[in-house]
Amino acid sequence: MPQPKKKFRPYEQARDYVRTLGLKSVKDYEAWSKSGVRPGDIPGKPSAAYGAQFTWPDFLGIGGGRRRLSKDGQFRPFEEARAFVRTLGLAGQRAYFAWSKGEGRPADVPSNPVNAYGAEWTWWADFLGTDVAYRPFEEARAFARTLGLKTRQEWQDRAAATDFPADVPKYPEYRYDGQGWEGWAGFLGTDGKWTRDRIREFLRAIGPALHLLQPAELYAILARKRLLSANSGPAKRAALQAIESMCAAGGAEVASDTAADVLERLAGTPASAAADGVAAPAVATPDDEPELEAEELARATELPRLRRDALHAIDRVAEHADAEILEFLVQNRVAGLWQAAIDGDPEFALDALAAEVGGKYFTEVRDRFLAQHREVDALPTPPGYAFAVNGTPVPPNLMQRLTAYRLLTDKRLVNASQTGAGKTLSALTAAAAVGARLTVVLAVNATLDGWAASIAAAFPGTAVLTKPRTFEAIDPARPTYLLYNYESFQQPWAADLVRDLTARHLIDVVVLDELQQVRWREGNDESLRRENVRLLLDLAGKQNTDLRVLGMSATPVINDLHEAATLLELVTGEDMTTLPVEPTVVNAVRVYQMLTSHGLRYRVKYQQSLETHYPTVDGASILRRLRRIGRRDTLAMEQLTLEAKLPLIQSLLRPGTVVFTQMVSGIVEPLAAAVRAAGLRPGLFTGVEKSGLPNFLGGRADVLIGSEPVGTGVDGLPRVANRLVFASLPWTSAQYEQVVGRLHRQGQVSNRVEVYVPLVELRGGGRAWSWDRAKLDRIRFKRTLSDAAVDGVIPAGKLPSPAQMQAASLRALDEWIAQVTPGTHGP
């Protein structure tokens, strides 16, 4: 016959009675229970009798409301320990004890919380937070694989971030034990290459934000995931097209079979073979980049522009990007907001932006920009500032004040604003804002007089010494500028001059104008010029730990990425040897990230209208001789096409005209003759002859004929010229913009600038051939590696060299002739 169930005292009454016994442990209680003196209504096994409300410390009174001590002192409060443990995602008591034996348990979190917290202890489910709804294993694994992590430590570092999802356990090996967990390699996806399914998972995860990312930003994210390691030109071209279409479409479209297939082919290198945070080393060599076809060159590309809703994009991809990429995305948006603020774009009104709310990264972008804007707005106009236009005072504009603020706070800065943005005045404003007593300016020789004039106009009374070899004239009590041309720094005495200057005087600011003039020039050997510039910066920095360095160039990257890396190293003083410089898209985007971090670039919104005309010239008169030109003789091509253009060019000449030619030999003299034939006075400004510039600026020459030096730092032209004629086009968009920017800039006295680009054409049979138009298309195509590095434009490949382009052009000429005159073969 079954015994009736005993009725024990209520828990609180039993506990109060037991506590009077002074028992110190479970073993003491068990001995007392068996002694024969235990009352019948006090259970021998109280844990079974009282269930979840029972704990030994509370029952015996051995906690007494105080905690046991850790080896180094008191454990953290119960609530704090519980909050911490809940973030671990441990599935139960056994998982907790397994975790507590590892290296991850902080010393102030007890291995046995039941004993440590006594009366404060509740129950295991409460302590572990096992009622938290963590993602199922498959979903957590899919998320983990989008992060591109390789090790358990990398996971722990990422999981420690404040933005880590609350429904993903920090210790998945315990949470998912028995639920599909098979080790870290499988969880992180480091057990092999990216698969199509894994790529689709990743694309679906970031899909809702893709239309808010610029292509360069998505490219950077994909590169960090090691999804862009292919070295095949056609595959890379497909990738670029896929990235652009993904950014344009967004949403579910990104998970299409086409996008996944393309990226699967690109992820040809196992993740384990790639360096941390960089694309795998098998990135394309220069010859792997696809060469652009004529029809691709003919497509002009708009520069990226910040969209208002893109300010919220980072919060949508934050789970799938590491700290470096997230900081780049923040900086890129802050830079976009500055561009909008300087332009006065009403879409980004400050009041509306300040009132807008969003996630963590939106808030970071908004607050960082608004804080900078407040600081910039509060910068006082430097004492002694007196810049005026036609007698009307003109205060520093927003870009110039931003430059001053950045130089104050960052100390070293690259101002890559476009030609005509007012970089010279920004340098003078910044030097005055930091209280500089001695400023050294290195610039193109033709601009030194312009620098002296600008200093006198902006800060009258400031001392200006041009190319001094001795320094007795420097008055430490008076703000002083030392102006040098770059050629000075390649003279045998330059190093001694630098040592003498830095030994005698404390330099506050060094300005490197037209920064590209001191770029890498001789492979692995530094030029003497660059070596002495580096010596100046090194010695000046040792003498003055608050030295400011400002590099300025509208085109910091013209020929290759090596230039950008070495210029960044020069200005920032940081070691850039680890920055990859092989001419690939991945590396160009990395350079763009660095320039965004260490510089500013304002794209000028010009006040003057720019009228560009493309008059055509019939080239029939030179057809027979065109066919005899060598495949690589670009000079002969330019000379012959000039012959056809000269009558038109002569008709366009008037006082105040600048004629530009990329080539000099056999071209400058015919141009000068045409100027004289028009009854005008020519002035020459080329690599050899420079006397024409002062004559032109002083009214002693009517037309300036200039070659490449015209595009780099020649000041004063807007006061006397508003018409530009290209007799021979430059080779790149950057060079073209430099030349046009000499006239189309702040300070232009006319309300419009006219640009003429004569084009020699052959037409017939429904087709046309033009060497000039081929060069023009090459200039218009703003999708080269240089554009990627400076403006974040994703390139479609590399531009053909001049020789390659001429060979292709002559082949096209043969095809044209064959079509127009059937049966014609050869010359």
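Residues numbered from 1 in each chain as written. Predicted model: local features only at pLDDT ≥ 70, side-chain atom pairs only at ≥ 80, totals over all residues. Heavy atoms only, no water.

Participant: For this particular structure, what's the right way to read the overall build of the protein?
Facilitator: Secondary structure summary: the protein contains 36 helices and 20 strands in total. Relative to its full complement of 827 residues, the protein shows a buried share of 54%. With an accessible surface of roughly 35,700 Å², the protein has 50% of that area assigned to carbon and sulfur atoms. (Helix = DSSP H or I, 4+ residues; strand = E, 2+ residues; numbered from the N terminus. Buried < 20%, exposed > 50% of the residue type's maximum accessible area, 1.4 Å probe, protein only. Areas by Shrake-Rupley, 256 points an atom, 1.4 Å probe, with all protein chains shown as cover.)

Participant: I tried to follow the pattern of salt bridges on my own but got confused; where do I start?
Facilitator: Two side chains carrying opposite charge are able to pair once their charged atoms lie near each other. According to the stated counting rule, one finds 30 salt bridges in the structure shown. With a closest N to O distance of 2.9 Å, Glu 754 and Arg 723 form a salt bridge. Highlighted residues: Glu 754 in strand β18 (residues 752–756) and Arg 723 in strand β17 (residues 723–728), separated in sequence by 31 residues. Take Glu 754 and Arg 723: they sit in the same class, and that class is buried. Through salt bridges with shared partners, one network takes in Glu 611, Arg 654, Arg 723, Arg 752 and Glu 754. (Salt bridge = Lys/Arg side-chain N within 4 Å of Asp/Glu carboxyl O.)

Participant: Whenever I open this one, the pairing of β18 confuses me. Can you help?
Facilitator: Remark: a regular strand shows side chains that alternate across the two faces of the sheet. Across the five residues of β18, four count as buried, placing the element largely inside the fold. In this sheet, β18 lies alongside strand β12 (residues 609–613) in parallel orientation, the contact comprising five bridges. Across the sheet, Ser 609 pairs through a bridge with Arg 752, a residue of β18. (Pairing = 2+ DSSP bridges.)

Participant: Sorry if this is basic, but what is going on with the sheet that holds strand β14 (residues 657–661) here?
Facilitator: Strand pairs in the sheet, formed through backbone hydrogen bonds, run parallel or antiparallel to each other. The six strands are arranged β12-β18-β17-β14-β16-β15 in an open sheet whose pairing can be described as parallel. A single partner strand is all that each edge strand has here, and the edge strands are β12 and β15 (682–685). Pairwise comparison of adjacent strand axes, ignoring direction, gives a mean angle of 20° for this sheet. Across the sheet, helix α33 (residues 733–741) touches β12, β14, β17 and β18, and the angle it forms with β17 is around 145°. (Axes fitted to C-alpha atoms, helices over the stretch in contact; angles between N-to-C directions. Contact = heavy atoms within 4.5 Å.)

Participant: Could you clarify how one ought to interpret the packing of helix α21 (residues 360–378) against helix α22 (residues 398–410) in this entry?
Facilitator: Two quantities define a packed helix pair, namely the angle between the helix axes and the distance between the axes. For the pair α21 and α22, interaxial distance at closest approach is 9 Å and the crossing angle is 100°. Relative to α22, the element α21 lies roughly perpendicular. Two secondary-structure elements touch here, α21 through Gln 372, His 373, Glu 375, Val 376 and Asp 377 and α22 through Leu 398, Arg 401, Leu 402 and Tyr 405. (Parallel < 35°, antiparallel > 145°, perpendicular 65-115°, else oblique.)

Participant: What is the right way to read the nonpolar core from this model?
Facilitator: For soluble globular proteins, the rule of thumb is that nonpolar side chains tend to be buried together. If you look at the biggest cluster of nonpolar residues, it comprises 77 residues, and the most contacted ones within it are Leu 311, Leu 337, Leu 428 and Trp 451. With nine residues, helix α19 (residues 323–343) is the largest single contributor of residues to this core. Ignoring sequence-local partners within four residues, the contact set of Leu 311 consists of Leu 306, Arg 333, Leu 337, Phe 348, Leu 353, Phe 362 and Val 365. In this structure, Ile 474, Leu 515, Val 533 and Leu 568 belong to the second largest nonpolar core, which totals 44 residues. (Core = buried A, V, L, I, M, F, W, Y, C linked by side-chain atoms within 4.5 Å.)

Participant: I would appreciate a short explanation of the sheet that holds strand β9 (residues 509–512) in the present structure.
Facilitator: The parallel open sheet is built from seven strands, whose spatial order is β7-β8-β6-β9-β10-β5-β11. Of all strands in the sheet, those with a lone pairing partner are β7 (463–466) and β11 (599–600), marking the two edges. As paired elements, strand β6 (residues 438–443) and strand β8 (residues 480–485) share six bridges and run parallel to each other. Across the sheet, residue Leu 438 finds its bridge partner in β8, namely Thr 480. Sitting on the sheet, helix α24 (residues 448–458) is in contact with β6, β7, β8, β9 and β10 (548–552), with an inclination near 165° to β8. Packing of helix α27 (residues 561–572) onto the sheet brings it into contact with β5 (412–415), β9 and β10, and relative to β5 it is tilted by some 140°.

Participant: Honestly, unusual backbone geometry in this entry has me stumped. Any pointers?
Facilitator: You will see that Lys 467, though not glycine, has its phi angle at about 55°, which is positive. Within the element layout of this structure, Lys 467 appears in the loop between β7 and β8. Classification of Lys 467 as partly exposed rests on a relative accessible area of 36%. Unlike most non-glycine residues, Glu 514 shows phi in positive territory, near 45°.

Participant: Quick question: what am I supposed to make of the packing of aromatic side chains here?
Facilitator: Here a ring pair, both rings aromatic, is described through the centre-centre distance and the interplanar angle of the planes. As enumerated under the stated definition, the model contains 26 aromatic pairs in all. Taking 5.4 Å as the distance between ring centres and 55° as the angle between the ring planes, the aromatic pair formed by Tyr 29 and Trp 32 counts as tilted. Of the two residues, Tyr 29 and Trp 32 are both situated in helix α2 (residues 26–33); the distance of three residues between them amounts to about one turn of the helix. Taking relative accessible area as the criterion, Trp 32 reaches 13% and is therefore assigned buried. (Phe/Tyr/Trp six-rings, centres within 6.5 Å; stacked < 30°, edge-to-face > 60°.)

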